[in-house]
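Overview (structure and organization)
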Amino acid sequence: MKRLLIAIFFICFSSVNAQENTKLIVSGNGRWLQFESGKPFLYLGDTAWELFNKLTREEATQYLTDRKAKGFTVIQAVALWGDNVYGQAPLQNNDPTQPFLKNGPANDYWDHVDYIVNEAERLGLFVGFLPCWGNRWSSHSTNQTRIFNSQNALIYCEWLAKRYSGSPIIWILGGDNGISTEEDRKVIEAMAQGLKKGDGGCHLITFHPRGPGMSSDFLHEAEWLDFNMCQSSHGARNHDNGHFIEHDYALVPIKPTLDGEPRYERIAVGFYNNDRDTTFCFDDYDVRQAAWWAMMAGACGHTYGNNSIWQFWTPGQKGSLWPNAPWTVALNDPGAQQMGYLRSLFEKYDYQKLQPDTEFIVDAPLYGGAKVRGLRAPDGSLAMVYSPRGEPFMLNLGMMKKTKILVSWYNPRTGRMSQLHTPESYAFQTFTPPTSGRGNDWALVLEWIPNI
């Protein structure tokens, strides 16, 4: 019945829970994502690039169920990577205009993709759906991997978008590559046109660039680009991805932005250095710092990644970039759970009224791993300040509402909040987090409570 209704009325459904099926749009002020109803949508993604080709159906359900429980809202996965775990190929003769579809019982590559997309919908998750990885279209690719041109790209993406027009999808073009030539641009434009033609424009579209990089470098003014995505990448600890967000936040026309691939938990720091000691990996603090820096700079959400999970590595398989734990073990790495704590804090409040505000923070570390960032509502009713290493910072409380406010510490490691006090004066005040040092990050929340 549901598929019949979709076919008759061409209604595009996107959902985050079983009770609410509705379309995702950009907010009126151009800063956030939300449902068509006006309900805020916080993009909290996980990079599961090889989900469709590496996992069985049972394993896919296990993975998606875990990510739902941890608070993720978007699963970023690639349609064309390789044959799937059942040995089924996505294309005939590697031709994008000929998807491999069997007649008769459901038993082909795309039926498997259907199953996973439907499972995501059942669990209330969106799929950040990449039509292909960048090596399939980029001019930097070899003749063996590059299969797209501007003609077949449009045909394939139109077919793909029609097939999933009724599913909870966010389209992600790019796939770890940027636009280097005019032909590259034509291929990406053709893909975008095909997606729009295939689903009637009912799903949001963004672009995942090669890192470190930003979609806005190539495509900010493209009408089809609904929101920007950067890749701050995996080069170093304390690499301030907030600068990427601040860059996009200042652009005109205004569009939402987020980091679609920051440093991954478990990936070797400076992963491109082949002689690097691969036991020196990013940990949960590194991924928290990136997530909170991005959100405090004005991002509409954030993406987490884990080096064992994006490729769903198991011992005995050939891995990329030195995975060091089975994906089933890495599911329980602390950084993933802590992403849910970030989402929980923001969704506790009317977070879409928050804006990056440097005037509110009058004295704090401005550079390096201890850099303090904050958000404040223009009416002074809500503010959040993040100190990555527990360093003290001074705020101008005169910029908050002139009645009592509730001040609390939030622990990004545990998701616990503890009330500090309700100040009655509104001058400059220095706040010292409960602990300090690497791994001791804290967020201060200031909330106006009527009639407190």
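Our subject is the structure listed above.
What comes next is a walk through the structure. (Residues numbered from 1 in each chain as written. Predicted model: local features only at pLDDT ≥ 70, side-chain atom pairs only at ≥ 80, totals over all residues. Heavy atoms only, no water.)

1. Some words on the pattern of salt bridges
Across all of its chains, the model carries 24 salt bridges by this definition. A salt bridge links K162 to E158; its shortest N-O distance comes to 3.3 Å. Note that K162 and E158 are positioned in helix α5 (residues 150–163) at a spacing of four residues, about one turn of the helix. On the accessibility criterion, E158 (15% relative accessible area) is buried. Here the salt bridges do not stand alone but share partners, grouping D46, D66, R67 and K70 into one network. (Salt bridge = Lys/Arg side-chain N within 4 Å of Asp/Glu carboxyl O. Helix = DSSP H or I, 4+ residues; strand = E, 2+ residues; numbered from the N terminus. Buried < 20%, exposed > 50% of the residue type's maximum accessible area, 1.4 Å probe, protein only.)

2. Describing the environment of G71
Structurally, the position occupied by G71 is in the loop between α3 (57–69) and β7 (74–78). For G71, a relative accessible area of 12% translates into the label buried. Not counting the four nearest positions on each side in its chain, G71 is found in contact with L44 and R343. (Contact = heavy atoms within 4.5 Å.)

3. So, the pairing of strand β6 (residues 43–47)
Summarising burial for β6: five of the five residues are buried, a large majority. Of the two faces of β6, the one holding Y43, G45 and T47 and the one holding L44 and D46 are both buried throughout. Pairing of β6 with strand β14 (residues 301–304) involves four bridges; the strand directions are parallel. Across the sheet, G45 pairs through a bridge with T303, a residue of β14. As paired strands, β6 and β7 are joined by three bridges and run parallel to one another. Bridging from a neighbouring strand, T47 pairs with Q76 of β7. (Pairing = 2+ DSSP bridges.)

4. A short note on unusual backbone geometry
In this model, G211 is joined to P212 through a cis peptide bond whose omega is -10°. By secondary structure assignment, the location of P212 is in the loop between β10 (205–207) and β11 (213–214). Residues V252 and P253 are joined by a peptide bond in cis, for which omega reads 0°. In this fold, P253 is placed in the loop between α8 (242–249) and β13 (257–259).

5. Describing the sheet that holds strand β17 (residues 373–376)
The antiparallel open sheet is built from six strands, whose spatial order is β15-β17-β18-β23-β20-β21. The open sheet has two edge strands, β15 (355–356) and β21 (416–421), and neither has a second partner. Where strand β20 (residues 405–411) meets β21, five bridges bridge the pair, whose relative direction is antiparallel. Looking across to β21, one finds that V407 is bridged to H421. Sitting on the sheet, helix α9 (residues 284–296) is in contact with β15, β17, β18 (382–387), β20 and β23 (442–448), with an inclination near 145° to β18. (Axes fitted to C-alpha atoms, helices over the stretch in contact; angles between N-to-C directions.)

6. Considering the side chain of R288
Within the secondary structure layout, R288 lies in helix α9. Here D441 takes part through its side chain, which lies 2.9 Å from a polar atom of the side chain of R288. Ignoring anything within four residues of it in the chain, the contact list for R288 reads Q338, M339, Y386, P412, R413, G439 and D441. (Polar contact = N/O pair within 3.5 Å; in protein donor to acceptor, adjacent residues only side chain to side chain.)

7. Comments concerning the nonpolar core
If you look at the biggest cluster of nonpolar residues, it comprises 58 residues, and the most contacted ones within it are F41, Y43, I170, W292, F346, L354 and M384. Of all the elements, α9 adds the most residues to this core, at seven residues. Excluding residues within four positions of it along the chain, W292 makes contact with L342, L345, F346, Y386, Y410, P412 and A443. One finds L64, C157, F207 and L331 within the second-largest nonpolar core, a separate group that totals 53 residues. (Core = buried A, V, L, I, M, F, W, Y, C linked by side-chain atoms within 4.5 Å.)

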